[in-house]
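Overview (structure and organization)
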Amino acid sequence: SVLLIEDQSANAFARGDSNFTSAVDYLAYARDTLVVIPAGNSGPNNAVFSVPADAYNGITVGATDETYSRVAAFSNTGPTNDLAGGRSKPDLLAPGVGIVSAFGGWEDDDGRDGSAAVNYKHAFTPADVTQFMAPNITDEEDVDSDWVTVSGTSFSGPIVAGAGALLQQWGAHTGMDTSNETMR
């Protein structure tokens with residue numbers, strides 16, 4: 001099975017030993033689950049890494065910027081802040097800049113468009129998207145009623161999780177080993 005974890009918190013003391021990170025490591029190792037975690041968007045700063053992106057057994061995914069053929073400027077690059085000197089992260093890179101995504105907009109609890117993103121429904125403006133939903137959006141003109149162009153490691157992670165799920169399905173049909181250990 002594949003698990004994509006989007007809930008993260010930046011933590012200067014991300015050392016691979018938090019309760020959340022330990023749970024991710026358990027799922028990945030003991031339950032043979034492919035756990036994919038976006039690296040976070042705090043930029044190439046060695047002192048800040050996200051929990052649980054510091055997991056030993058999860059796959060941490062950073063973002064690439066295809067325009068410049070490099071790691072995206074906003075993508076966390078680690079290393080982790082382990083006491084033993086840190087581990088290299090992220091484990092993989094995937095496209096994360098200028099990703100076209102479906103988007104339906106939102107209304108708040110009072111039916112007003114564009115304030116707090118509480119109930120996703122149908123109406124939004126390009127300014128709403130850049131302010132609330134996708135602060136790394138490349139250009140307000142990249143937004144229309146059905147699609148939005150966004151950037152971030154939260155868009156890189158699902159690409160890797162989807163590829164992992166396809167590989168596991170292929171392995172189930174062909175008899176190939178697609179255990180978490182083999183996939184990593």
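Please refer to the structure higher up on the page.
Residues numbered from 1 in each chain as written. Predicted model: local features only at pLDDT ≥ 70, side-chain atom pairs only at ≥ 80, totals over all residues. Heavy atoms only, no water.

Further remarks concern the overall build of the protein. Helix and strand counts for the protein stand at four helices and nine strands. Start at the N end of the protein and walk to the C end: the helices and strands fall as β-β-α-β-β-β-β-β-β-α-β-α-α. Of all 184 residues assigned to the protein, the portion counted as buried reaches 39%. Restricting to contacts in the protein with at least 6 residues of sequence separation, those with at least 24 account for 66%. As displayed, the protein has an accessible area near 9,700 Å², and 53% of this comes from carbon and sulfur atoms. (Helix = DSSP H or I, 4+ residues; strand = E, 2+ residues; numbered from the N terminus. Buried < 20%, exposed > 50% of the residue type's maximum accessible area, 1.4 Å probe, protein only. Contact = heavy atoms within 4.5 Å. Areas by Shrake-Rupley, 256 points an atom, 1.4 Å probe, with all protein chains shown as cover.)

Enumeration according to the criterion identifies one salt bridge in this entry. With a shortest N-O distance of 2.9 Å, Asp 91 and Lys 89 are connected by a salt bridge. (Salt bridge = Lys/Arg side-chain N within 4 Å of Asp/Glu carboxyl O.)

What follows deals with the packing of aromatic side chains. Applying the stated rule across the entire model yields zero aromatic pairs. The residue whose ring lies beneath Arg 87 is Tyr 56, and the NZ or CZ to ring-centre distance is 3.7 Å. (Phe/Tyr/Trp six-rings, centres within 6.5 Å; stacked < 30°, edge-to-face > 60°. Lys NZ or Arg CZ within 6 Å of the ring centre and 35° of its normal.)

Across its 12 residues, helix α1 (residues 19-30) extends 16 Å between first and last C-alpha, which sits within 8% of the 16 Å expected from 1.5 Å per residue. All buried positions along α1 are accounted for by Thr 21, Val 24, Asp 25 and Ala 28. With its buried residues spanning 100° around the axis, α1 presents them on a single face. (Expected span 1.5 Å × (residues − 1). Arc of directions from axis to C-beta.)

Attention now goes to unusual backbone geometry. For the bond running from Lys 89 to Pro 90, omega is 0°, close enough to zero to count as cis. The topology assignment puts Pro 90 in the loop between β6 (70-71) and β7 (92-95). Positive phi, normally seen in glycine, also occurs at Asp 32, with a value near 50°. Counting through the fold element by element, Asp 32 comes out in the loop between α1 and β3 (34-38). Within the chain, Ser 69 stands out as a residue other than glycine whose phi angle is a positive 50°.

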